[in-house]
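Given next are the chains, with one letter for each unit.
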Amino acid sequence: MAAEKAEIDALKKECDGLRTKIEAARKAVNDTTMSAAASGVDSLGKVTLKQRKNLKGHLAKIYSLHWAADSRQMVSASQDGKLLIWDTYTGNKVNAVPLKSAWVMSCCYAPSGDMVASGGLDNICTVYNIKAASPKTLRELDAHTGYLACCRFLSDSEILTASGDTTCCLWDLSTGKQKCIYTSHIGDCMSLAVSADMNTFISGACDSLAKLWDLRAGKCQQTFSGHTSDINSIAYYPSGTAFITGSDDCHCKMYDLRSDQEVMTYQDSSLKSGVTSVALSLSGRIMFAGYDDFNCHIWDTLKGEKVGVLSGHENRVSCTGVPLDSMGVCTGSWDSFMKLWN
């Protein structure tokens, strides 16, 4: 026992030394701040969006929404036990998918628009064909030992999932089997974001860390710290060289992949609520962040300034989403409604 304790102490000391070296290397390349670099950029001024539609149809808390690639249709998941497919131009429901388990936490649209997927406290990612006469279950991906917190299609044949069992998984939809399991987090994996080239993804977890993964190598490439509580949401910056996180610590942060560190914190002394979701405009200049204070706050990502607020929900804003054409933003809430703004 004494020998084992000595070995553990030596390894801890080695880890501390390596951590110190990493921090020193990060400081060496941290030659300026985002605020200083963007000092010559004009301020956005106040951003005011109007509510265009109030999407009514769900009967319970909405937990997730995801836009289709056509920037017109959208899927939403609610704990009323249904996925609803919306035509956002008309505000009409075009399809409803009944779920085996009402305790849904995530949903996503396939790139082709032919399939949607969802998962939650049943630990299963279920994939549905929504182009059939009636929605049909294609696959039930059952291998996680914890709840399913997030899912995202890579293609019609592959899907990524993040789970409360601390892992992320890449699945082959033709076989229903796991192709790769990504293990490194020591807390529940709450969110993931896939890069535009589909080669990497970023995960956020209850260990307060965000991690960059290479889908081809199956390994964690970088780890980003700074938050002091669960990371609930992640969004890639359009350039692919940075990403945004939202956390229960009431802060959003931007991390740069090239400098391997945090470059901006988005915080306001009057905001004492946790961040549930984040989404970026097409340019990346504007960030929409849903908070527990029933509002979606708008931030200037370069200046770090709060430039607007979308208010109107009567409960926490649980999800936000910007379509690919960036012509608006949708907010979903525990009040059972979704609102379209532009």
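Please read all numbers here as calculations on a predicted model, not as lab measurements.

**Q** Any details on the pairing of strand β24 (residues 296-300)? Residues and values, ideally.
**A** Summarising burial for β24: five of the five residues are buried, a large majority. Both strand β23 (residues 286-291) and β24 contribute to a ladder of five bridges, which runs antiparallel. Counterpart to I286 in the pairing with β24 is D300. Connecting the antiparallel pair β23 and β24 is a turn made up of four residues, with F294 showing a positive phi of about 80 degrees. Here five bridges tie β24 to strand β25 (residues 305-310), and the two strands are oriented antiparallel to one another. Within β25, the position partnered with C296 by the bridge is L310. From the end of β24 to the start of β25, which pair antiparallel, there are four residues, and G304 there has a positive phi angle of about 75 degrees.

**Q** Explain the environment of L148 to me, and be specific about the residues and the numbers.
**A** Mapped onto the fold, L148 is located in strand β10 (residues 148-155). For the pair L148 and L121, spaced 27 residues apart in sequence, the C-alpha separation works out to 6.4 Å. Beyond its immediate chain neighbours, meaning those up to four positions away, L148 contacts M105, S118, G119, G120, N123, I124, C125, T161, A162 and S163.

**Q** Lay out the nonpolar core with the relevant residues and their values.
**A** Residues C252, M254, Y266, V278 and M287 are the most contacted members of the largest nonpolar core, which totals 17 residues. Looking at this core, the elements with two or more residues in it are β19 (242-247), β20 (252-256), β21 (261-266), β22 (275-280) and β23. When neighbours within four sequence positions are excluded, C252 is seen to be in contact with H227, T245, G246, M264, T265, Y266, V275, V278, M287, A289 and Y291.

**Q** Report on unusual backbone geometry, specifying residues and quantitative values.
**A** A positive phi angle is found at T166, which is not glycine, with a value near 80 degrees. Considering the arrangement of structural elements, one finds T166 in the loop between β11 (158-163) and β12 (167-172). Relative accessible area serves as the criterion here: at 24%, T166 is assigned to the partly exposed category. Positive phi is not limited to glycine here, since M198 has a value of about 65 degrees. Note that M198 resides in the loop between β14 (189-194) and β15 (200-205).

**Q** Can you lay out the packing of aromatic side chains for me, pointing to particular residues and giving the numbers?
**A** In total, this model carries eight aromatic pairs according to the counting rule given. Here F243 and Y255 contribute two aromatic rings whose centre-to-centre distance is 5.2 Å and whose plane-to-plane angle is 20 degrees, an arrangement assigned as stacked. Of this pair, F243 sits in strand β19 while Y255 sits in strand β20, and the two are twelve residues apart along the sequence. Y255 shares its class with F243; the two are buried. Geometrically, the ring pair formed by Y266 and W299 is edge-to-face, given 6.0 Å between the ring centres and 65 degrees between the ring planes. Of this pair, Y266 sits in strand β21 while W299 sits in strand β24; the two residues are 33 residues apart in sequence, bridging distant segments of the chain. Like Y266, the residue W299 is buried in the burial classification. It is K61 that lies over the ring of W334; its NZ or CZ is 3.9 Å from the centre.

Criteria and thresholds
- Residues numbered from 1 in each chain as written.
- Predicted model: local features only at pLDDT ≥ 70, side-chain atom pairs only at ≥ 80, totals over all residues.
- Heavy atoms only, no water.
- Buried < 20%, exposed > 50% of the residue type's maximum accessible area, 1.4 Å probe, protein only.
- Helix = DSSP H or I, 4+ residues; strand = E, 2+ residues; numbered from the N terminus.
- Pairing = 2+ DSSP bridges.
- Contact = heavy atoms within 4.5 Å.
- Core = buried A, V, L, I, M, F, W, Y, C linked by side-chain atoms within 4.5 Å.
- Phe/Tyr/Trp six-rings, centres within 6.5 Å; stacked < 30°, edge-to-face > 60°.
- Lys NZ or Arg CZ within 6 Å of the ring centre and 35° of its normal.

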